[in-house]
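A structural walkthrough
The primary structure of each chain is shown beneath.
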Amino acid sequence: MKKLNIALVGCGFMGRTHSNAFRKVTNFFDTPYQPVLKRICARNGEKAKTFADRWGFESVETDWRKLIDDKDVDLIDIASPNDTHAEIAIAAAKAGKMVMCEKPLGRNPTESEAMVKAVEDAKVANMVWYNYRRVPAVTLAKQLIDEGRLGRIFHYRTVFLQDWTISSDLPQGGEGLWRLDASIAGSGVTGDLLAHNIDTALWLNGGIEEVTAMTETFIKTRKHSLTGKEEPVKIDDASAFLARFKNGSLATFEATRYARGHKALYTFEINGEKASIIWDLHDLHRLQYFDHNDVSKLRGWRSIHVTDTEHPYMKHWWVPGLQIGYEHTFIHQVADFLTDLGGGKSASPTFREALATDYVTAAVLESAASKTWVKVR
Ligand SMILES: NC(=O)c1ccc[n+]([C@@H]2O[C@H](COP(=O)([O-])OP(=O)(O)OC[C@H]3O[C@@H](n4cnc5c(N)ncnc54)[C@H](O)[C@@H]3O)[C@@H](O)[C@H]2O)c1
């Protein structure tokens, strides 16, 4: 196995999921490359050192620019807030490094297009961490749709609901709260949560033609953690849109951080001519499936426990019937990246594929502002 030297930027939530995936992938998958945790980069050196000791990184940097000319680094993995993605990815690609980047690609399509151009000009392997594609039940849904089992698709219905920003005392900006600061995040739930729903939907059901949206910012001002001042909130707290897919199906998308009682309720339902599918992140190893071809007296919703060896990714794990969880989606993504790298290509979603999601989120925000239907680029 060839060594692949990784430099990871960011040691928060995603820094942990990625480090875990790089460490474990070759314990479970046969891949042509072995990831080596070479450098961890975060602005706070002490935190980065603690993180390096815990996860086994060889050394620490506090400025990501030092990674760009580091001859011992093959791949830069970006797991820092959204305002850092474009600058780091473009510099890394120009230096000939492979790039993995957290979602959303950029804060807006202009940044994302520049990122796509940089990796394509440099011809470096690239991938965006839309990890929900690699939940075995979601991958199984993709297989069932591609096999034509749903037939013509009529409806796509999806939500992503949370409740952690309801308190008006919650500040915006700074460590842990950058998602509420539009200058860092780009947008609110549209780019943060709906980006996931959109990526999965584009993958399962093809391109979106047009959207009409509404967004709301329920709490108009919040104290900013960095300035100490009460400042306008510029992110969307809630976002809902109707969409028309290129295949003629209709869709509803909704995301909010004001759905009291919900922490991360991501669901989708797809209704086809012959069959329907429901998936729910809170029960992520199950796929609900209704097949109209079943004999009528036995027809009903099946709850498929996606844990058998013939299910996607599952033969690499335990024995049939034993389930896996959230962290495994990142391990699957690294496994696919390394396998595809061995085959001389980038794993999906590439930067270019992820740009399609940013075009939809941009159309959603434009539609909410203009109160009109907007064609997706
Ligand atoms: N794929 C997913 O499901 C998923 C889930 C959560 C977050 N994300 C994405 O991952 C990224 C990070 O989110 P998070 O939840 O891990 O955030 P976080 O706040 O938990 O961690 C961010 C980390 O980046 C570091 N950082 C900030 N600015 C930096 C800089 N200039 N240089 C180096 N390090 C810097 C911070 O110190 C911190 O360690 C975001 O783009 C977010 O949208 C994706």
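Owing to the predicted nature of the structure, the values given are computational and were not obtained by experimental measurement.

Taken together, 23 residues sit near the ligand, with G10, G12, F13, M14 and E102 positioned nearest. At three residues, the largest contribution of residues to the shell around the ligand is made by helix α1 (residues 13-28). Classifying every residue of the shell around the ligand by side-chain character gives 10 nonpolar, nine polar and four charged.

Our next topic: the packing of α1 against helix α9 (residues 326-342). It is at 8 Å that the axes of α1 and α9 come closest, and there the two elements cross at 65°. Here α1 runs over α9; the crossing is right-handed. Where α1 abuts α9, its residues T17, H18, N20, A21, F22, K24, V25 and F28 lie against E327, F330, I331, Q333, V334, A335 and L338.

Okay, the nonpolar core next. Core analysis: the biggest nonpolar cluster contains 107 residues, and I76, A89, V99, A141 and V211 have the highest contact counts within it. Setting aside its immediate chain neighbours within four residues, V99 contacts I76, A89, A92, A93, V119, V124 and N126.

It is worth spelling out the domain arrangement of the protein chain at this point. Split into domains, the protein chain comes out as domain 1 (2-131) and domain 2 (132-348 + 354-375). The gap between the C-alpha centroids of domain 1 and domain 2 is 23 Å. Opposite the 33 residues of domain 1 that make contact, domain 2 presents 35 residues. Elements that contribute at least two residues to the side of domain 1 that touches domain 2 include exactly α1, β2 (33-41), α5 (109-122) and β6 (126-128). The element that contributes the greatest number of residues to the side of domain 1 that touches domain 2 is α1, accounting for eight residues. Residue classes in the side of domain 1 that touches domain 2 are distributed as 18 nonpolar, 10 polar and five charged.

Okay, unusual backbone geometry next. In this model, K103 is joined to P104 through a cis peptide bond whose omega is -15°. Position of P104 relative to the elements: it lies in the loop between β5 (98-101) and α5. Residue P349 is bonded to the preceding S348 through a cis peptide linkage, with omega at -5°. One non-glycine residue, Y313, lies in the positive phi region at around 70°. Taking the number of C-beta atoms within 10 Å as the measure of exposure, Y313 has 21 and is therefore buried. Here K371, not a glycine, exhibits a phi torsion of approximately 55°, which is positive. On the secondary structure map, K371 appears in the loop between α10 (351-370) and β17 (374-375). Owing to 9 C-beta atoms within 10 Å, K371 belongs among the exposed residues under this scheme.

Two orientations exist for strands paired in a sheet by backbone hydrogen bonds: parallel and antiparallel. An order of β16-β15-β14-β13-β7-β12-β11-β8-β17 is seen for the nine strands of this open sheet, with the pairing classed as mixed. Two strands bound the open sheet, and with one partner strand each, they are β16 (301-305) and β17. In terms of strand pairing, strand β13 (residues 265-272) meets strand β14 (residues 275-280) through five bridges, oriented antiparallel. Of the residues in β14, the one forming a bridge with F268 is W279. The strands that α10 touches are β8 (208-216), β11 (238-245) and β17; relative to β8, the one it contacts most, it runs at about 55°.

Let's shift gears to the packing of α5 against α10. Remark: α5 packs on α10, axes separated minimally by 10 Å, with the N-to-C direction vectors making an angle of 170°. Taken together, the axes of α5 and α10 are roughly antiparallel relative to one another. Residues P109, S112, E113, M115, V116 and V119 of α5 form the contact with α10, whose own contacting residues are F351, R352, L355, D358, Y359 and A362.

Taken in spatial order, the six strands line up as β3-β2-β1-β4-β5-β6 in an open sheet, and their pairing is parallel. Each having just a single partner strand, β3 (59-61) and β6 make up the two edges of the open sheet. Here the strands of the sheet are splayed against their neighbours by 25° on average, with no regard to which way each runs. The pairing of β2 with β3 spans three bridges and is parallel. Across the sheet, C41 pairs through a bridge with E61, a residue of β3. Packing against the sheet, helix α2 (residues 45-55) makes contact with β2 and β3, and its axis sits at approximately 155° to β2.

Conventions used here
- Residues numbered from 1 in each chain as written.
- Predicted model: local features only at pLDDT ≥ 70, side-chain atom pairs only at ≥ 80, totals over all residues.
- Near = placed C-beta within 6 Å.
- Helix = DSSP H or I, 4+ residues; strand = E, 2+ residues; numbered from the N terminus.
- Nonpolar A, V, L, I, M, F, W, Y, C, P; charged D, E, K, R; others polar.
- Axes fitted to C-alpha atoms, helices over the stretch in contact; angles between N-to-C directions.
- Left-handed = near helix turned anticlockwise from the far one by under 90°.
- Contact = placed C-beta atoms within 7 Å.
- Core = buried A, V, L, I, M, F, W, Y, C linked by C-beta atoms within 7 Å.
- Buried ≥ 20, exposed ≤ 12 C-beta atoms within 10 Å, placed from the backbone.
- Domains from an automatic or database assignment.
- Pairing = 2+ DSSP bridges.
- Parallel < 35°, antiparallel > 145°, perpendicular 65-115°, else oblique.

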